[in-house]
Amino acid sequence: MNVVAALASALVILEFSLQALGMLTHMEAQLVQFDAVTGRRPSRSLTLLLGLLDVVGVAGVIAGFWESVWAVLAGVYFVVFTGIMLGIQLRRGNRGMLLNTGILFFGSAVLLVISRALS
């Protein structure tokens, strides 16, 4: 189970570190992706808030290598966030690679929570 936890953690850390960077810097590619998923271009304050939440979540996943409760808490945030985004995508009828990516990271966050909770 430790290998699964480490792999899920690594994937979540990679994805959400990149997302945090894109949100905090108001990167055009990140804004376009957010718009493609939600149908709305995020405001500067929303991108800063989401970027900060992602940084805190990534820090929690990293801290989870020593105390798994932090990874579980961070993972729950990522499950909720990606679950909401998937719900929006499905309601809007999004399909294809963007939806597949959302499913991958939702699944990784769920796997992170389960594997860290059991370790």
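Here's a quick rundown of the structure. What you see is a predicted model; the values in this text were computed from it and never measured.

### What to know about the packing of helix H4 (residues 68-92) against helix H5 (residues 97-118)
The packing of two helices is summarised by the inter-axis angle and the distance between the axes.
Then step 1. Two elements in contact, H4 and H5, have axes separated by 8 Å at closest approach and are oriented at 155 degrees. When the axes of H4 and H5 are compared, the pair comes out roughly antiparallel. Note that H4 runs across H5; the crossing there is left-handed. Counting all contacts with H4, which are made through Ser 68, Ala 71, Val 72, Gly 75, Val 76, Phe 78, Val 79, Thr 82, Gly 83, Leu 86, Gln 89 and Leu 90, the residues of H5 involved are Leu 98, Leu 99, Gly 102, Ile 103, Phe 105, Phe 106, Ala 109, Val 110, Leu 112, Val 113, Arg 116 and Ala 117.

### Comments concerning the environment of Asn 2
Then step 1. When you line up the elements, Asn 2 lands in helix H1 (residues 2-24).
Then step 2. Spatially, the C-alpha atoms of Asn 2 and Ser 68 are 11 Å apart, while their sequence positions differ by 66 residues.

### With respect to the pattern of salt bridges
Then step 1. Under the counting rule described, the total for this entry stands at 1 salt bridge.
Then step 2. Across the pair Glu 28 and Arg 41 runs a salt bridge whose closest N-O atoms are separated by 2.7 Å. Here Arg 41 lies in the loop between helix H2 (28-38) and helix H3 (44-63) and Glu 28 lies in helix H2, a separation of 13 residues in the sequence.

Definitions and limits used
Residues numbered from 1 in each chain as written. Predicted model: local features only at pLDDT ≥ 70, side-chain atom pairs only at ≥ 80, totals over all residues. Heavy atoms only, no water. Axes fitted to C-alpha atoms, helices over the stretch in contact; angles between N-to-C directions. Helix = DSSP H or I, 4+ residues; strand = E, 2+ residues; numbered from the N terminus. Parallel < 35°, antiparallel > 145°, perpendicular 65-115°, else oblique. Left-handed = near helix turned anticlockwise from the far one by under 90°. Contact = heavy atoms within 4.5 Å. Salt bridge = Lys/Arg side-chain N within 4 Å of Asp/Glu carboxyl O.

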